[in-house]
Amino acid sequence: MTISPAAIAPPIQTLVRKDKSEEALVTDWRELPDLVQEVVTTWPQSHAFYTEGDHFTPLLFTESLRQALALLSHRVHSIPLGHRLGWEQISSWILPTALDVQGSARKVTLLVSHPSVTRRRMGSVYLVSRIDAVSDGRRIGGAEVRYSAHPPAIYDRLRGPYSSAKDAFSKAIALTPPVDPALVGRSSTRNVVLTPLNQPLSWQLRVDTTHSVLFDHPHDHVPGMVLLEAAAQAAQASLPTPVATTRFDTQFLRYVEFDQPCHVTATPAANGVVHVTVTQSATPVFTSAVTTEPWT
């Protein structure tokens, strides 16, 4: 039986971990046979962050995955809303044609299964999810995500002095200048997450805690969505022509703090793949192999 958003309590934006209702992409979900869930998302025709000209950015698909898994962690796996969710690995792909903006909002259905759910004695949960994305009757993308959920007591112990989101925001380093938006496939400096350095294919991570989409609410560390956007922008900046990011193969190695600078480096490889590494205090905190294709 389909459960409508109106029947879900608390509100849908709370279940997908967004404060603003207009940023909730999930509109419906239901259980299917064989422990599969169907989550319906709506991609807007225009968005201040997720659309550029006549195409969607790849982070719209990633945010759809994130919201779907957040909702299912609570509704299917009975993980309390107070638990803190975090990614460990994500491999995702999207057809470049699926990033074309259409004449109206697009419905994208996510078919989600969890082949592994491991519960620890103190309340932490480790999950592996597999997702197929379908739109207009065709498969347009997919993903495998490994992530965790920790109860507040364990999460606060893991984070130590960085556990408070309010304190973390207050200690964020000053906002650094953006690179030319055109260099990273953006039209507005507001959406640029890289700052130029005097080194080839290297940038400082630009973290704007006032960005209303990336920071819909305070965080105790730099979110994975910011790091993935940095990877996509670094890949574009390292290539000579405009490209669509069609795949991320990513590891989140450490929490990324607001009170220290981060450095982003890109190493182009063959067949449109760019290897991106983010370091903080000379320690790798994030790596991603970003696959790109030329826009047609």
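Residues numbered from 1 in each chain as written. Predicted model: local features only at pLDDT ≥ 70, side-chain atom pairs only at ≥ 80, totals over all residues. Heavy atoms only, no water.

**With respect to the packing of helix 2 (residues 58-75) against helix 5 (residues 224-237)**
Running from N to C, helix 2 and helix 5 cross one another at 160°; their axes reach a closest spacing of 11 Å. On the basis of the axis angle, helix 2 is roughly antiparallel to helix 5. The handedness of the crossing between helix 2 and helix 5 is right-handed. Touching Leu59, Thr62, Glu63 and Arg66 of helix 2 are Met225, Leu228 and Glu229, all from helix 5. Here the contact of helix 2 with helix 5 is composed, by residue class, of three nonpolar, one polar and three charged. (Axes fitted to C-alpha atoms, helices over the stretch in contact; angles between N-to-C directions. Helix = DSSP H or I, 4+ residues; strand = E, 2+ residues; numbered from the N terminus. Parallel < 35°, antiparallel > 145°, perpendicular 65-115°, else oblique. Left-handed = near helix turned anticlockwise from the far one by under 90°. Contact = heavy atoms within 4.5 Å. Nonpolar A, V, L, I, M, F, W, Y, C, P; charged D, E, K, R; others polar.)

**Structural notes on the sheet that holds strand 2 (residues 36-43)**
Reading across from one edge, 1-2-6-7-8-5-11-14-13-12-10-9 is the order of the twelve strands in this open sheet, with antiparallel pairing throughout. A strand with exactly one partner marks an edge of an open sheet, and here the two such strands are strand 1 (26-32) and strand 9 (194-196). Here the strands of the sheet are splayed against their neighbours by 30° on average, with no regard to which way each runs. Across eight bridges, strand 13 (residues 273-280) lies against strand 14 (residues 283-294) in antiparallel orientation. Bridge assignment links Thr277 to a residue of strand 14, and that residue is Thr287. This element, helix 5, spans strand 5 (84-94), strand 9, strand 10 (202-205), strand 11 (243-252), strand 12 (262-268), strand 13 and strand 14 of the sheet and lies at about 130° to strand 11. (Pairing = 2+ DSSP bridges.)

**Some details on the nonpolar core**
Leu110 and Leu205 are the most contacted members of the largest nonpolar core, which has 76 residues in total. For this core, the element with the highest residue contribution is helix 5, accounting for ten residues. Apart from the residues lying within four places of it in its own chain, the contact partners of Leu205 are Thr176, Val193, Val222, Val226, Leu227, Ala230, Cys262 and Val264. (Core = buried A, V, L, I, M, F, W, Y, C linked by side-chain atoms within 4.5 Å. Buried < 20%, exposed > 50% of the residue type's maximum accessible area, 1.4 Å probe, protein only.)

**Description of helix 2**
In an α-helix, one turn spans 3.6 residues, which is why side chains three or four residues apart end up on the same side. Compared with an ideal rise of 1.5 Å per residue, which puts 18 residues at 26 Å, helix 2 spans 26 Å between its outermost C-alpha atoms and is within 8% of the ideal. Of all 18 residues in helix 2, 16 are buried, a share of seventy percent or more. (Expected span 1.5 Å × (residues − 1).)

**Brief notes about the pairing of strand 7 (residues 125-135)**
Of the strand pairs in this sheet, strand 6 (residues 106-119) and strand 7 are connected by nine bridges, and their pairing is antiparallel. Its bridge partner being in strand 7, Leu111 is matched across the sheet by Asp132. Connecting strand 6 to the antiparallel partner strand 7 that follows it, the hairpin turn spans five residues, and Gly123 within it adopts a positive phi of roughly 110°. Of the pairings in the sheet, the one linking strand 7 to strand 8 (residues 138-150) comprises eleven bridges and is antiparallel in character.

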